[in-house]
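The residues making up each chain are set out below.
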Amino acid sequence: MNNMQITSTLVDVACSLAHMEQEMHKLTNRVNQLVDAQRQPPAFSAVTTDSVTHIARLSTIDRHLRALQKFLILQGQSLTMSLENELTDPASNVADFEIETHLHYVLAKDDPQYDEEDDNILTSRTQFCAVTSNELPLEKQLSEIDVQNFADSPKHPMPQQGWLSHDVMEHDLGIDSPAIGNQGLLRVGKVWIEIITKRQYSLNLHTGQFEN
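Keep in mind that this is a model prediction, so the values were computed, not measured.

Colleague: Can you walk me through the environment of L142 in this structure?
Modeller: Mapped onto the elements of the fold, L142 is located in helix α3 (residues 138-147). Separated by 72 residues in sequence, L142 and K70 have C-alpha atoms that sit 5.9 Å apart. When neighbours within four sequence positions are excluded, L142 is seen to be in contact with K70, I73 and L74.

Colleague: Could you clarify how one ought to interpret the packing of helix α2 (residues 52-88) against helix α4 (residues 163-170) in this entry?
Modeller: Any two packed helices are characterised by the angle at which their axes cross and by the distance between the axes. Interhelical geometry of α2 versus α4 gives an angle of 110° and a closest axis separation of 7 Å. Classed by the angle they form, the pair α2 and α4 counts as roughly perpendicular. In this structure, α2 contributes D62, L65, L68 and Q69 to the contact, and α4 contributes W163, L164 and S165. Looking at the contact of α2 with α4 residue by residue, the classes come out as four nonpolar, two polar and one charged.

Colleague: Please explain the nonpolar core as it appears in this structure.
Modeller: One recurring pattern in soluble globular proteins is that nonpolar side chains are buried together. Core analysis: the largest hydrophobic core is formed by 17 residues, its most contacted members being L65, Y105 and L185. Within the residue set of this core, elements represented by two or more residues are α2, β1 (96-107), α4 and α5 (181-187). Each residue touching L185, except ones within four places of it in the same chain, is listed here: L58, I61, L65, S165, V168, M169 and I180.

Colleague: I'm lost on the packing of aromatic side chains in this one. Help?
Modeller: For any pair of aromatic rings, geometry is given as the distance between the ring centres together with the angle between the planes. Counted according to the given criterion, the structure contains two aromatic pairs. Between Y201 and F210, the aromatic rings sit 6.0 Å apart at their centres with planes inclined by 65°, giving edge-to-face as the arrangement. Given the relative accessible area of 47%, Y201 is considered partly exposed. Among the residues examined, F210 registers a relative accessible area of 38% and is labelled partly exposed.

Colleague: What is the right way to look at the pattern of salt bridges in this model?
Modeller: Oppositely charged side chains are able to pair whenever their charged atoms sit close together. Taken as a whole and assessed by the stated rule, the structure comprises six salt bridges. With a shortest N-O distance of 2.8 Å, K70 and D146 are connected by a salt bridge. With K70 in helix α2 and D146 in helix α3, this residue pair connects regions lying 76 residues apart in the sequence. A residue is classified by how much of its surface remains accessible, and K70, at 22% relative accessible area, is partly exposed. Look at D146 and you get partly exposed, because its relative accessible area is 46%. The closest approach of N and O atoms between R187 and D111, which form a salt bridge, is 2.9 Å. Of the two residues, R187 is situated in helix α5 and D111 in the loop between β1 and β2 (121-129); the sequence distance between them amounts to 76 residues. Across the pair, D111 and R187 agree in class, each one buried.

Criteria and thresholds
- Residues numbered from 1 in each chain as written.
- Predicted model: local features only at pLDDT ≥ 70, side-chain atom pairs only at ≥ 80, totals over all residues.
- Heavy atoms only, no water.
- Helix = DSSP H or I, 4+ residues; strand = E, 2+ residues; numbered from the N terminus.
- Contact = heavy atoms within 4.5 Å.
- Axes fitted to C-alpha atoms, helices over the stretch in contact; angles between N-to-C directions.
- Parallel < 35°, antiparallel > 145°, perpendicular 65-115°, else oblique.
- Nonpolar A, V, L, I, M, F, W, Y, C, P; charged D, E, K, R; others polar.
- Core = buried A, V, L, I, M, F, W, Y, C linked by side-chain atoms within 4.5 Å.
- Buried < 20%, exposed > 50% of the residue type's maximum accessible area, 1.4 Å probe, protein only.
- Phe/Tyr/Trp six-rings, centres within 6.5 Å; stacked < 30°, edge-to-face > 60°.
- Salt bridge = Lys/Arg side-chain N within 4 Å of Asp/Glu carboxyl O.

These values are about where atoms sit, not about what they do.
Structure follows, in structure tokens:
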């Protein structure tokens, strides 16, 4: 191996080590976030005088998440109608479709653990929109969101709780989707939303034709 090859190899090794160091830094931050989340008080801790401000903030967040839930329903309805038209169009080769929504709950920038080099995601959720429309009329679906209440305990930290708040606070769905409790929800600064449409096709290799 000549000097030029050795130099090239050393550069590749250095680049690989730098990439590994960056990934280890991200992984360490993620593990620290999960450890802190596990150390937080239970979601159903008793409400005290000192928590009045937190209750107000949680109620504001809950109101915004209810609005987000409505937005997602409207987006799902609109995309479903468009894709269903493609399914019935004789000129279209689409065999089926899926609508997938990812919600990433991101730390506020003023949080002590916020890291410019990290994605700062506390928890994530994935939802799927059914191909067929919901049995309830659209207006009924939207109006029900305003009156839903999953705060079913007298010691609950929120007087009213919508579905999205309930989901992230109390449902532990794995390492990327842990329950974050009321303290975790207070740390969230924004929700990063991805709405993904997947068109599915089926090509018959005997005929060379797409099948619906």
